[in-house]
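Take a look at the letters that make up each chain.
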Amino acid sequence: MAEHDAHSSFIKTPQQLVVVVLLAFIVPIVGIVLLIQLILNRPHADPAALNPEAVAARIAPVGKVHFGPAPAAEPSAAQPAGGQARAPKTGEEVVKTVCFACHGTGAAGAPKIGDPAAWGKLIGKGVDQMVKSAITGLRAMPPRGGNPDLSDLEVARAVVLMANQSGAKFKEPAATGPAAKK
């Protein structure tokens, strides 16, 4: 068996020498070319995406909330497209669709339905003051609980229902001519 000579090279023929010399020059050159291509062909922002209109469109809010009367061009829930007024909602309907989100959970400091301690001070002020506060809004509660289509009668019915479930003995308001309208 032949011993390995520590001073011998892995290049044994002139062809191997030519290949090694060529690779020694070609590999770094290819690396430099690829690096230059990477730097020059880097992705960049579209100049049109930076104009103010495009930026405003990208950061625009998803939706908008409007409080107040409905626009005149659109028929409101109180006045359907047919021109006839709808029947006023019951207190239970209003509580389920509008009031329960906060008064059912106590969100934003709203008194929870069925909690006599939380409603006691409010009940002491009387039903008229409670209804007025519900119509105009109070602290975190928006006017009409956030539904501008509710009539005064519907708000009053909801207030009476929630107060009665919390210990009051108020009489539910009845619909009476112009007083039942907004």
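Computed from a predicted model, the values in this text were never measured in an experiment.

(A) Up close: the pattern of salt bridges. Taken as a whole and judged by the stated rule, the model has three salt bridges. Here K96 ties to E92 by a salt bridge, and the two come within 3.2 Å at their closest N and O atoms. Here K96 and its partner E92 are both found in helix 3 (residues 91-103), four residues apart, which amounts to about one turn of the helix. Residue R144 pairs with D152 through a salt bridge whose shortest N-O separation is 2.7 Å.

(B) Expanded view of the packing of helix 3 against helix 6 (residues 152-164). Here helix 3 crosses helix 6 at 70°, and the two axes come no closer than 9 Å. Classified by the interaxial angle, the pair formed by helix 3 and helix 6 is roughly perpendicular. Judged by the twist between their axes, the crossing of helix 3 over helix 6 is right-handed. Where helix 3 abuts helix 6, its residues G91, E92, V94, V95, C99 and H103 lie against E154, R157, A158, L161 and M162. Here the contact of helix 3 with helix 6 is built from residues that sort into six nonpolar, two polar and three charged.

(C) Expanded view of the packing of helix 5 (residues 127-136) against helix 6. Running from N to C, helix 5 and helix 6 point in directions that differ by 120°, and their axes come no closer than 9 Å. Taken together, the axes of helix 5 and helix 6 lie oblique to each other. Seen from above, helix 5 lies across helix 6 with right-handed handedness. Only D152, V155, A156, V159, V160 and A163 of helix 6 make contact with helix 5, whose side of the interface consists of V127, M130, V131, A134 and I135.

(D) Quick look at the environment of G167. Turning to its location among the elements, G167 is positioned in the segment after helix 6. Given the relative accessible area of 53%, G167 is considered exposed.

(E) Geometry of helix 6. Compared with an ideal rise of 1.5 Å per residue, which puts 13 residues at 18 Å, helix 6 spans 18 Å between its outermost C-alpha atoms and is within 8% of the ideal. A large share of helix 6 lies buried, amounting to ten of its 13 residues. Every buried residue of helix 6 is listed here: L153, E154, V155, A156, R157, A158, V159, V160, M162 and A163. On the buried face of helix 6, the contacting elements are helix 3, helix 4 (116-125) and helix 5.

(F) Expanded view of the nonpolar core. The biggest cluster of nonpolar side chains holds 18 residues, and the ones touching the most others in it are V94, C99, W119, V155, V159 and A163. Those elements giving two or more residues to this core turn out to be helix 3, helix 4, helix 5 and helix 6. Looking at this core, the element that brings in the most residues is helix 6, giving six residues. Beyond its immediate stretch of four places on either side in the chain, V159 contacts M130, V131 and A134.

(G) Just a nonpolar patch on the surface, in detail. On the surface, L17, V18, V21, L22, F25, I26, I29, V30, V33 and L34 cluster together to form a nonpolar patch covering roughly 930 Å² of accessible area. Positionally, I26 belongs in helix 1 (residues 14-40).

(H) How the structure looks around the environment of D128. Positionally, D128 belongs in helix 5. Relative accessible area serves as the criterion here: at 65%, D128 is assigned to the exposed category. Separated by 32 residues in the primary sequence, D128 and V160 have C-alpha atoms spaced 9.9 Å apart.

(I) Quick peek at unusual backbone geometry. Notably, A108 is not glycine yet its phi reads approximately 55°, a positive angle. Here A108 is to be found in the loop between helix 3 and helix 4. Its identity as a non-glycine residue notwithstanding, R139 has a phi of 50°, on the positive side. Tracing the backbone through its elements, the reader meets R139 in the loop between helix 5 and helix 6. Exposure remark for R139: the relative accessible area of 77% places this residue in the exposed category.

Cut-offs used in this document
Residues numbered from 1 in each chain as written. Predicted model: local features only at pLDDT ≥ 70, side-chain atom pairs only at ≥ 80, totals over all residues. Heavy atoms only, no water. Salt bridge = Lys/Arg side-chain N within 4 Å of Asp/Glu carboxyl O. Helix = DSSP H or I, 4+ residues; strand = E, 2+ residues; numbered from the N terminus. Axes fitted to C-alpha atoms, helices over the stretch in contact; angles between N-to-C directions. Parallel < 35°, antiparallel > 145°, perpendicular 65-115°, else oblique. Left-handed = near helix turned anticlockwise from the far one by under 90°. Contact = heavy atoms within 4.5 Å. Nonpolar A, V, L, I, M, F, W, Y, C, P; charged D, E, K, R; others polar. Buried < 20%, exposed > 50% of the residue type's maximum accessible area, 1.4 Å probe, protein only. Expected span 1.5 Å × (residues − 1). Core = buried A, V, L, I, M, F, W, Y, C linked by side-chain atoms within 4.5 Å. Patch = residues over 30% accessible without salt bridge, like charges linked within 9 Å, V, L, I, M, F, W, Y side chains within 5 Å. Areas by Shrake-Rupley, 256 points an atom, 1.4 Å probe, with all protein chains shown as cover.

Keep in mind that these numbers describe shape and distance, not what the molecule does.
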